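For reference, the chains in residue letters:
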Amino acid sequence: MYDGKSVAVVVPAYNEEALIASTVSTIPAFVDRIIVVDDASTDGSASVARAYAERDPGSIQFVGHNRNAGLAVTLNEGLAMAPDNLVARLDADDIALPARIRVQQRFMEENPNVVAAGSDVLHMGRTPEQDRRVTVPHSPRDVARTLQRENCLY
């Protein structure tokens, strides 16, 4: 259960050099810890993330893999490093809307028996005309049904 104390963001990264800087920069300042786990990227992703961590070592933690371990291992590693009891996930090519984490944090505070919260997302295309909103189930019953077939927690 979430006790309202703090929030960490786990950012798994693999070959997102062009986007990781904009991703990290959209994470709100109230977040206590950002943990970027680079999964042996072959581009400059690790260098970009490491530079952010060096500029703000109190808030940003960087871990780099020597060998690609896969998304599940990378996420679990970041989760294990999170000192907080509320952890948000943000992929290295995502952009967090300004209120996203605060809204989810407030939801968790108001619903202490809930263990996970997600939201609808906007899949951004190469042009705004290619953008599309993905609406996911919102009720606990619909989420439980959908999770039997596919992931619906963004």
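Structure's up top.
The structure contained in this document is the topic of the report that follows.

Definitions and cut-offs
Residues numbered from 1 in each chain as written. Predicted model: local features only at pLDDT ≥ 70, side-chain atom pairs only at ≥ 80, totals over all residues. Heavy atoms only, no water. Helix = DSSP H or I, 4+ residues; strand = E, 2+ residues; numbered from the N terminus. Buried < 20%, exposed > 50% of the residue type's maximum accessible area, 1.4 Å probe, protein only. Polar contact = N/O pair within 3.5 Å; in protein donor to acceptor, adjacent residues only side chain to side chain. Contact = heavy atoms within 4.5 Å. Phe/Tyr/Trp six-rings, centres within 6.5 Å; stacked < 30°, edge-to-face > 60°. Lys NZ or Arg CZ within 6 Å of the ring centre and 35° of its normal. Pairing = 2+ DSSP bridges. Axes fitted to C-alpha atoms, helices over the stretch in contact; angles between N-to-C directions.

## Considering the side chain of threonine 23
You can see threonine 23 is positioned in helix α1 (residues 20–25). A residue is classified by how much of its surface remains accessible, and threonine 23, at 0% relative accessible area, is buried. In terms of polar contacts, threonine 23 uses its side chain to reach the backbone carbonyl oxygen of alanine 92, at 2.7 Å. Leaving out residues up to four positions away in the same chain, threonine 23 has contacts with Leu90, Asp91, Ala92, Asp93 and Asp94.

## Here's the deal with the packing of aromatic side chains
The tally for this structure, following the rule as stated, stands at zero aromatic pairs. Stacked on the ring of tyrosine 52, the Lys or Arg arginine 55 has its end atom at 4.5 Å from the ring centre. One Lys or Arg, arginine 102, reaches over the ring of phenylalanine 30 and ends 3.6 Å from the middle of that ring.

## Thoughts on the sheet that holds strand β3 (residues 60–64)
Reading across the sheet, the four strands line up as β3-β2-β1-β4 and stay open at both edges, with parallel pairing between neighbours. Across the chains shown, the open sheet's two edge strands, defined by having one partner strand only, are β3 and β4 (87–89). Adjacent strand axes in the sheet meet at a mean angle of 20° when their direction is disregarded. Pairing between strand β1 (residues 8–13) and strand β2 (residues 33–38): six bridges, direction parallel. Directly across from valine 11, in β2, lies its bridge partner valine 36. Where helix α2 (residues 45–55) meets the sheet, it contacts β2 and β3, and its direction lies at approximately 150° from that of β3.

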